[in-house]
Amino acid sequence: MTNYTAAIELLSAGELIGLPTETVYGLAADATNADAVAKIFALKNRPQFNPLIAHVSSMDMASAQAEFSGKAQQLAEAFWPGPFTMVLPKSASNTICDLARAGLDTQALRFPAHPVAQEVIAAFGKPIAAPSANISGHVSPTSAQHVKDEFGANLSLVLDGGNARIGLESTVVAVLSDEVTLLRPGSISKDDVEAVVGKIGSSLHDDNAPKSPGMLSRHYSPKARLRLNVTSPEADEAYVGFGPVTAKTTLSLSETGDLTEAASNLYAMIRKLDHSYDAIAIAPIPEDGIGAAINDRLRRAAL
Ligand code: TXA
Ligand code: MG
């Protein structure tokens, strides 16, 4: 039984909860309450200039907070609810606190597909700010236990929604003056987005203007040293394979070479190996589809 009543009481009191979504678990607070949002930054030890995604449970809730151009409307119809975030001009009726937007005049919105997330947001009746439920820079959590491991007694409630189905943070696009730009790759690929709105731009690596913390070069990192595109691991390295298990393999992201399965296993496997190894080597991962997002996260984690 999911403890919705306790979740709503905590959110109403300006406290944080661990919230499952289909991408990764979120550290959730009332997006309209600056004191509550400040607790997210404090608990995550997150640099204050990083804006947060506000999560909604309906198109009505979304359109009260931001301006939807024609293209934004089309993208919402195509990908919501789902692992897709849009950065849009904030509306005149926006009630989300400035802190959650880091003072920007744009608003990041996502309508998650996970039934527990939807239920909590709908019952709360207001948008919920939720970055991934990990200390800034650490590996993102894909199970309730990961969130408990991360914050322990500092977080009184983590709703358990099972293992995150996708396992990688949402795709983030900006839709400003009807121009669409990819800010963070995810399971919805650039091709998927272009199939809806035509050619889009991308703005992925700019540490001098971190519009998206997912764009900071070093991010998603385990404590262990990480080596990528490895076909011959060293003796002291855990070896994360992709495809059939061989004598070298410690864990395989997907024994059948399925990129979607690899994405959903990625963070849990790195987290697990980080407990017992000082060095982790990862096999080459193909760049196709969600493979591009996996490689993006791995490159940032390896810096
Ligand atoms: O899958 C996800 O998106 C997860 C789950 C919990 O929903 N959330 C997540 O949040 O990954 P977070 O805070 O770790 O990443 C939010 C991304 C960041 O890269 C952030 O900079 C970007 O969205 N973002 C938020 N507001 C923005 C804005 N106004 N302009 C540009 N980027 C923005
Ligand atoms: Mg994160």
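Scope of this entry: the structure provided in the associated data block. (Residues numbered from 1 in each chain as written. Chains lettered and ligands numbered in written order. Predicted model: local features only at pLDDT ≥ 70, side-chain atom pairs only at ≥ 80, totals over all residues. Heavy atoms only, no water.)

Focus on the pairing of strand β5 (residues 106-110)
Regular strands have side chains that alternate between both faces of the sheet. By the criterion of burial, β5 is predominantly enclosed, with five of the five residues buried. As defined by bridge partners, strand β3 (residues 53-55) adjoins β5 across three bridges and the pair is classed as parallel. Residue pairing for β5: histidine 55 is matched across the bridge by arginine 110. Here five bridges tie strand β4 (residues 84-89) to β5, and the two strands are oriented antiparallel to one another. Bridging from a neighbouring strand, proline 89 pairs with threonine 106 of β5. (Buried < 20%, exposed > 50% of the residue type's maximum accessible area, 1.4 Å probe, protein only. Helix = DSSP H or I, 4+ residues; strand = E, 2+ residues; numbered from the N terminus. Pairing = 2+ DSSP bridges.)

Looking at unusual backbone geometry
The step from tryptophan 80 to proline 81 runs through a cis peptide bond, and the omega angle for that step is -10 degrees. Along the chain, the position of proline 81 falls in the loop between α4 (70-79) and β4. Unusually for a residue other than glycine, aspartate 178 sits at a positive phi of about 60 degrees. Looking at the element boundaries, aspartate 178 is found in the loop between β7 (171-176) and β8 (179-184). If you check the backbone angles, asparagine 229 has positive phi at about 55 degrees while not being a glycine. Structurally, asparagine 229 can be placed in the loop between β10 (225-227) and β11 (238-241). The exposure class of asparagine 229 is exposed, given its relative accessible area of 54%.

Focus: the environment of isoleucine 53
Tracing the chain through its elements places isoleucine 53 in strand β3. With 76 residues separating them in the primary sequence, isoleucine 53 and alanine 129 have C-alpha atoms 5.7 Å apart. For isoleucine 53, the contacting residues outside a window of four places in its chain are Thr85, Ala108, Leu109, Arg110, Ile128, Ala129, Ala130, Ser170 and Arg184. (Contact = heavy atoms within 4.5 Å.)

Considering the packing of aromatic side chains
In the structure shown here, the tally under the stated rule is three aromatic pairs. Taken together, a centroid distance of 4.9 Å and an interplanar angle of 45 degrees make the contact between phenylalanine 79 and phenylalanine 84 tilted. Relative accessible area serves as the criterion here: at 0%, phenylalanine 84 is assigned to the buried category. Members of the aromatic cluster, joined through ring pairs, are Phe68, Trp80 and Phe111. (Phe/Tyr/Trp six-rings, centres within 6.5 Å; stacked < 30°, edge-to-face > 60°.)

Observations regarding the packing of helix α1 (residues 4-12) against helix α6 (residues 115-124)
Two elements in contact, α1 and α6, have axes whose closest approach is 10 Å; the angle formed by their N-to-C orientations is 55 degrees. Taken as axis vectors, α1 and α6 run oblique relative to one another. In the packing of α1 onto α6, the handedness of the crossing is right-handed. Residue-level contacts link Tyr4, Ile8, Leu11 and Ser12 of α1 to Pro115, Val116, Glu119, Val120, Ala123 and Phe124 of α6. Of the residues contributing to the contact of α1 with α6, the split by class is eight nonpolar, one polar and one charged. (Axes fitted to C-alpha atoms, helices over the stretch in contact; angles between N-to-C directions. Parallel < 35°, antiparallel > 145°, perpendicular 65-115°, else oblique. Left-handed = near helix turned anticlockwise from the far one by under 90°. Nonpolar A, V, L, I, M, F, W, Y, C, P; charged D, E, K, R; others polar.)

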